[in-house]
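Each chain, letter by letter, is given below.
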Amino acid sequence: MAKDLVVSFGEMLIDFVPTVSGVSLAEAPGFIKAPGGAPANVAIAVARLGGRAAFVGKLGDDEFGRMLAGILRVNGVDDAGVLFDTGARTALAFVTLRADGEREFMFYRNPSADMLLTEGELNLDVIKSAAVFHYGSISLITEPCRSAHLKAMEVARQAGALLSYDPNLRLPLWPSAEVAKEQILSIWDQADIIKVSDVELEFLTGTDSVEDDVVLTLWRPEFKLLLVTLGEKGCKYYTKDFRGSIDGFAVNTVDTTGAGDAFVGAFLRKLVDDQSVLQDEEKLRELLKFSNACGAITTTKKGAIPALPNEAEALELLKSC
């Protein structure tokens, strides 16, 4: 079998999004339920673009959990690594959409099923099949999921996968900002590819700047690629041999949910077909333009998964600019 599978590890949940933008949760007249969770979004983004993707994680054995597993399957994501917990519910998040399209979160997970995944429950066959193993930091917050996360990384690495890390900072889920920073950085050196947003860059460095000298404090010699996403301004990239920036796309932003996941999914979808992009700056720049386009398109509709683009939509935006 060709080794082109992207395996995403972590949480999948239900986002409850207000029916109107620019109001607090208390003021919202109603909510629409939307499937979410960054690692699951990345898996679906890969599949939407014609790639092979699998998701590894735990859901509640409830209507929401079964619905989410069904959404993975309908979107072409392998769910052989998905488990169901009879004793815990699927995680929920209420997401406020501010007037500018940015989000605020309130989570219901105490504990939710995703937090209860154990090392012994991991589907090692799926993990060993990965060309790229992608993960966030939310699965590091509590045991037993933290140990399962570390074990999955170890198994993927030993099987020859590239490790892809998007911290996906959600401060309300952590006991404190200090613990969040410490734990996010605890696995920093083990990744091959890391993507951080400008907000996460400021959080991790303590400096409100995206200048190279600030970004490079997060660089490690083991890395193959460090990416910083800048919202509508595009992204910056850093490898051992070159660095640069790619402009973003001007679109009518409605909701930024899932834009970073679309960016990562697009990047990983193409990376598995040609890993030489990590050594070839021209190829890398082309791929990052494509990734920026996918992120931009995702902001033009409400919700993450419904907004993730297919290849034709991304190419159309690229052609129009």
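What counts as what
- Residues numbered from 1 in each chain as written.
- Predicted model: local features only at pLDDT ≥ 70, side-chain atom pairs only at ≥ 80, totals over all residues.
- Heavy atoms only, no water.
- Helix = DSSP H or I, 4+ residues; strand = E, 2+ residues; numbered from the N terminus.
- Rg over C-alpha atoms; globule rule 2.2 N^0.38 Å.
- Buried < 20%, exposed > 50% of the residue type's maximum accessible area, 1.4 Å probe, protein only.
- Contact = heavy atoms within 4.5 Å.
- Areas by Shrake-Rupley, 256 points an atom, 1.4 Å probe, with all protein chains shown as cover.
- Lys, Arg positive; Asp, Glu negative; His and termini not counted.
- Charge placed at Lys NZ, Arg CZ, Asp CG, Glu CD.
- Pairing = 2+ DSSP bridges.
- Axes fitted to C-alpha atoms, helices over the stretch in contact; angles between N-to-C directions.
- Parallel < 35°, antiparallel > 145°, perpendicular 65-115°, else oblique.
- Nonpolar A, V, L, I, M, F, W, Y, C, P; charged D, E, K, R; others polar.
- Phe/Tyr/Trp six-rings, centres within 6.5 Å; stacked < 30°, edge-to-face > 60°.
- Polar contact = N/O pair within 3.5 Å; in protein donor to acceptor, adjacent residues only side chain to side chain.

A few points about the overall build of the protein chain
Stage number 1. Along its length, the protein chain carries ten helices and 13 strands.
Stage number 2. Taking 20 Å as the expected radius of gyration for a compact globule of 321 residues, we find that the protein chain reaches 18 Å, a close match to that expectation.
Stage number 3. Overall size of the protein chain, expressed as C-alpha extent along the three principal axes, is 50 × 45 × 40 Å.
Stage number 4. Taken over 321 residues, the protein chain has a buried fraction of 56%.
Stage number 5. Considering only residue pairs separated by 6 or more positions, the protein chain has 70% of its internal contacts joining residues 24 or more positions apart.
Stage number 6. Total accessible area on the protein chain stands at roughly 13,200 Å², and carbon and sulfur atoms take up 50% of it.
Stage number 7. A gap of 3 Å separates the mean positions of the 32 positive and 46 negative side-chain charges of the protein chain.

Regarding the sheet that holds strand 5 (residues 77–85)
Stage number 1. Strand order in this open sheet of nine strands is 5-4-1-8-9-10-11-12-13, and the pairing throughout is mixed. Among the strands making up the open sheet, the edge pair consists of strand 5 and strand 13 (243–246). Ignoring strand direction, the axes of neighbouring strands in this sheet form an average angle of 15°.

Some details on the environment of Arg 103
Stage number 1. Looking at where Arg 103 falls in the secondary structure, it is placed in strand 7 (residues 103–108).
Stage number 2. When its relative accessible area of 22% is taken as the criterion, Arg 103 is described as partly exposed.
Stage number 3. For the pair formed by Arg 103 and Leu 225, sequence separation is 122 residues and the distance between their alpha carbons is 28 Å.
Stage number 4. In this view, Arg 103 contacts Val 95, Thr 96, Leu 97, Arg 98, Arg 170, Asp 255, Thr 256, Thr 257 and Gly 258; residues no more than four positions away in its chain are not counted.

Things to note about the packing of helix 9 (residues 281–298) against helix 10 (residues 311–320)
Stage number 1. Where helix 9 meets helix 10, the closest approach of the two axes is 9 Å, and the angle between their N-to-C directions is 105°. Judged by the inter-axis angle, helix 9 sits roughly perpendicular to helix 10. Across the interface between the two elements, Lys 289, Phe 290, Ala 293, Cys 294, Ala 296 and Ile 297 of helix 9 pack against Glu 311, Glu 313, Ala 314, Leu 315, Leu 317 and Leu 318 of helix 10.
Stage number 2. Classifying every residue of the contact of helix 9 with helix 10 gives nine nonpolar, no polar and three charged.

What about the packing of aromatic side chains?
Stage number 1. As enumerated under the stated definition, the model contains twelve aromatic pairs in all.
Stage number 2. Geometrically, the ring pair formed by Tyr 165 and Trp 188 is edge-to-face, given 5.8 Å between the ring centres and 70° between the ring planes. Linking Tyr 165 in strand 9 (residues 162–165) with Trp 188 in the loop between helix 5 (177–186) and strand 10 (193–197), this pair joins segments that are 23 residues apart in sequence. Of the two residues examined, Tyr 165 and Trp 188, each falls in the buried class.
Stage number 3. Each ring, one from Tyr 237 and one from Phe 242, has its centre 6.4 Å from the other, and the planes form 70°; the classification is edge-to-face. Side by side, Tyr 237 and Phe 242 carry an identical accessibility label, which is buried.

Quick look at the side chain of Thr 299
Stage number 1. On the secondary structure map, Thr 299 appears in the loop between helix 9 and helix 10.
Stage number 2. With relative accessibility at 8%, the residue Thr 299 sits in the buried group.
Stage number 3. One polar contact links Thr 299 to Thr 253, side chain to side chain, over a distance of 3.4 Å.
Stage number 4. One polar contact links the side chain of Thr 299 to the main-chain carbonyl oxygen of Ala 296, over a distance of 2.7 Å.

Points about the sheet that holds strand 6 (residues 92–97)
Stage number 1. Taken together, four strands build an open sheet; the order of strands is 3-2-6-7 and the sheet is mixed. The open sheet is flanked by strand 3 (31–36) and strand 7, the only strands paired with a single partner. Direction aside, the axes of adjacent strands within the sheet are offset by 30° on average.
Stage number 2. Pairing of strand 2 (residues 13–18) with strand 3, which is carried by six bridges, proceeds in the antiparallel orientation. Within the sheet, the bridge partner assigned to Ile 14 lies in strand 3 and is Pro 35.
Stage number 3. Against the sheet, helix 2 (residues 63–74) engages strand 2, strand 3 and strand 6, with an angle of about 95° to strand 2.

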